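A look at the structure
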Amino acid sequence: MRNFRQTTQIILWITFINLLTSCFNDSNEVIKPGIIPEPLSQQINEGSFLLDRNTSIIFDKEFSQIAEFTKAFIENGSKIKLSVNKTAKTISFIKDEVLQGEEAYQLLVKPKGIIIKAKNSRGAFYGFQSLRQLLPATFENATFKNNAVSIQNIEIKDAPRFKYRGMHLDVGRHFFSVDFIKKYIDLMAMLKMNTFHWHLTEDQGWRIEIKKYPKLNEIAAYRKETLIGHYSDQPHQFDGKKYGGFYTQEEVKDIVKYASDRQVTVIPEIEMPGHSQAALSAYPHLGCTEKPIDVATKWGVFDDIYCTKESTFKFLEDVLDEVMALFPGKYIHIGGDEAPKTRWKTCKNCQHVIKREGLKDEHELQSYFIERMEKYINSKGKQIIGWDEILEGGLAPNATVMSWRGISGAVTAAKQHHDVILTPGSHCYFDHYQSTKESEPTAIGGFLPLEKVYSFNPIPDELTKDEAKYVLGAQGNVWTEYMKTPEHVEYMAFPRMVALSEVVWSDAKNKDYDNFKLRLENYFNRLDAKNVNYANHLSEVSGKINFDNGQYNVSLKGSNSKVIKYTLDGSEPTINSKKYKTPIKITKNTTIKAASFNTSKKVSSIYKQIIDFHKAVGKNISLDVQPSKQYSGNGASSIINGIKGSNKRYGDKEWLGFAGKDFEVTIDLGKETKVESITTRFHNGRGNWIYAPSQVVVSFPGNDEFLPLEIEDSKENIVDLKLDTKVTTRYIKIKVVNYGIIPPGYAGAGNKAWTFIDEIIIE
Ligand code: ACM
Ligand code: ZN
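First, a word on scope: everything that follows refers to the structure included in this document. (Residues numbered from 1 in each chain as written. Chains lettered and ligands numbered in written order. Predicted model: local features only at pLDDT ≥ 70, side-chain atom pairs only at ≥ 80, totals over all residues. Heavy atoms only, no water.)

**Observations concerning the sheet that holds strand 24 (residues 578–579)**
Here we have four strands laid out as an open sheet, ordered 24-23-26-27, and antiparallel in their pairing. On the outer flanks of this sheet lie strand 24 and strand 27 (607–611), each paired with one strand and no other. Here strand 23 (residues 563–567) runs beside strand 24; their pairing, made up of two bridges, is antiparallel. Residue pairing for strand 24: tyrosine 566 is matched across the bridge by lysine 578. (Pairing = 2+ DSSP bridges. Helix = DSSP H or I, 4+ residues; strand = E, 2+ residues; numbered from the N terminus.)

Written as structure tokens, this is what we have:
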């Protein structure tokens, strides 16, 4: 009994103090926990911990740096000055050897104190990051004005799903300041991402100081001008302005230390044998032709790559000696992607090496190149990572593969018992468009909305449980051809990085996109406070076409917390427009306009969908060859659904993409129908290996008409085709003949072109 009464008195006393404190400041607005990435397990308990000047931080010695970090965050972010003497109320960092997992932690918030348990400093740091998200976002920019704050009682047990949780940044196409690199790393660390892949060398610029080869910084770090607009815009135009820069070795050390303090490992990428035109501009003798060449001024894949002669290996070993001394991590990324074999085929040095080493062809020569560099790097105690092209011609014995051209590289490598990291273009290329809004800034192409990033499963279905162990994790890639400024990088990376953090950290069983969106809305407050220019499409309206029992419907989706209002007469929706409840029935040409509204105003841009209710809409369509899995739209009917895809985002759900193949479309109109015109369109984005077909043949089974149409070699981004006819027919067949091999001098030269087809309009 006595014990009970004592406890009651203490609780009353605490409540009284809490009440008193809250009279002097309004600090008791407790943040509702919604931590990103979502912890493995968490239990929210009643009550809170009052963080104020009577709080002190205690820690096991190993965690002194994390404790300092925590103290600085609290004191810099608010008016709270923690007690320097040990108090009754503590935030304790405790070493716990028996926790499962190298990066695991536990965070316990109780009225009497906060405990963070971890096996090592990584776990302790992640404990702090979770605690940080239980504090108001105003701590992030030092605008929390009170001298106390209540923290929700909670019990978290957490550990990551994957050990490699990466973000990449290309500083070759555009160069970013040391301050911005630090901001990027800081934003990664908040999301418990642990690897920064720093893409330091490119055709368009060499960005790291190498003392032994000063021309890399005098010449290779600068290009004389830069392409204006999109690569597909013809003719190419340039800005005439010298552009460049590089990081000194002192700056690199500073960044590596900054990252290490945030438990982030930096992996430098030194590209070889391709994407090396900038290096060749400084040292032309490293190329096959040895002819002078400029740092590249436009984007793409270039024929001039390192020659396989001895002086190249000496150069690269010297470069790597300096690089390895700067980066203490285990991995060096050696690139290996997109290296055309054009020069090697006609180079007497390279052909000599092929003979000398008994190699079959230039692909084996690439393997020889990579294996030789791997041996050197391994001899210095480091491991290599390469893009999935390093599989071609045989994989270097200890290499880790970064799978970017889909997931097949990951499957092949894991089956050969090599470690893999997943960065497929379909889910991890944050340089693709993220919204269908026409006002989006110019991007390279493709379409990767937030929900698709969130849906990513880094373990390919093709792998057995044992093979899946070779999947280290996944990474988001930010290629910066079309990102000139830090603000633009932020726009493309956020919030997709936030979604990816949950893919690589959280338990896949708990994944729930709607729940994630709610937590993300709160996380935006934190990004606002940190002045991050993230993209916010959460309230945007999206539409989906459905055919149910011959009925054409459009269903609309927006944010759960907002309502959608719409019109069908082309007028702008207002708060007084019709509220969306059930799918909209379409029976004729219609323009849908819709937007999200809160109780007083419009909070999204206007969703606009023009539906051309032509004669093939809702009819049957079949294909003799299926489109590529990544570019299969919403099935074959996507090209007779009355909706045109975007001119820019060939990857959206209206386009069908075929990899190097001819195909035939058959449309069954259900009954004999008078046809007056057939219109269709092809994407012709040559930078992305996409070409309009060479020929299209239209025929009408049962009729004699047969209409071959030659297509002129066009430089336009979209090629439209219209055929006027006067035929009555039930069936229409359209045979599409692939462009063929991409000619020399263009991206993807030597490979078969892709064909992308959009709506076939029958009038
Ligand atoms: C790559 O995107 N070229 C790896
Ligand atoms: Zn050569």
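Back to the write-up after that little detour.
**Focus on the pairing of strand 17 (residues 383–387)**
Each regular strand displays side chains that alternate between the two surfaces of the sheet. Most of strand 17 is tucked away, with four of its five residues classed as buried. Summarising the sheet, strand 16 (residues 331–335) and strand 17 pair through three bridges and their orientation is parallel. Within strand 17, the residue paired with tyrosine 331 across the bridge is glutamine 383. Judged from the three bridges that link them, strand 17 and strand 18 (residues 400–403) form a sheet pairing that is parallel. Directly across from tryptophan 387, in strand 18, lies its bridge partner methionine 402. (Buried < 20%, exposed > 50% of the residue type's maximum accessible area, 1.4 Å probe, protein only.)

**Remarks on the coordination of the zinc ion (ligand 2)**
Within the first shell, the zinc ion (ligand 2) binds the protein through Cys288 (SG), Cys307 (SG), Cys347 (SG) and Cys350 (SG), at distances of 2.2 to 2.3 Å. Geometry at the zinc ion (ligand 2) is tetrahedral, judged from the four donor atoms that bind it and their angles of 106 to 112° at the metal. Counting residues between consecutive donors of the zinc ion (ligand 2) along the chain gives the motif C-x18-C-x39-C-x2-C. Placement of the pair is cysteine 288 in the loop between helix 7 (277–282) and helix 8 (310–326) and cysteine 350 in helix 10 (residues 348–356), with a sequence separation of 62 residues. On the basis of relative accessible area, cysteine 288 is assigned to the buried category, the value being 14%. (Donors = N, O, S within 2.8 Å, 3.2 Å for Na, K, Ca; no water. Tetrahedral: all angles 85-135°; square planar, octahedral: opposite > 155°, others 65-115°.)

**A look at the environment of isoleucine 44**
Of note, isoleucine 44 is situated in strand 1 (residues 41–51). Note on isoleucine 44: relative accessible area 45%, which makes it partly exposed. Linking isoleucine 44 and lysine 32, residues twelve residues apart in sequence, is a C-alpha distance of 9.3 Å. Residues within four places of isoleucine 44 in sequence aside, it is in contact with Pro33, Gln152, Asn153 and Ile154. (Contact = heavy atoms within 4.5 Å.)

**Describing unusual backbone geometry**
In this structure, the amide linkage connecting isoleucine 36 to the following residue, proline 37, adopts the cis form with an omega of -5°. You can see proline 37 is positioned in the loop between helix 1 (2–24) and strand 1. The linkage connecting methionine 272 with the following residue, proline 273, adopts the cis geometry, with an omega of -10°. Checked against the element boundaries, proline 273 lands in the loop between strand 15 (265–272) and helix 7. Unusually for a residue other than glycine, lysine 192 sits at a positive phi of about 65°. Mapped onto the secondary structure, lysine 192 falls in the loop between helix 4 (178–190) and strand 8 (195–199).

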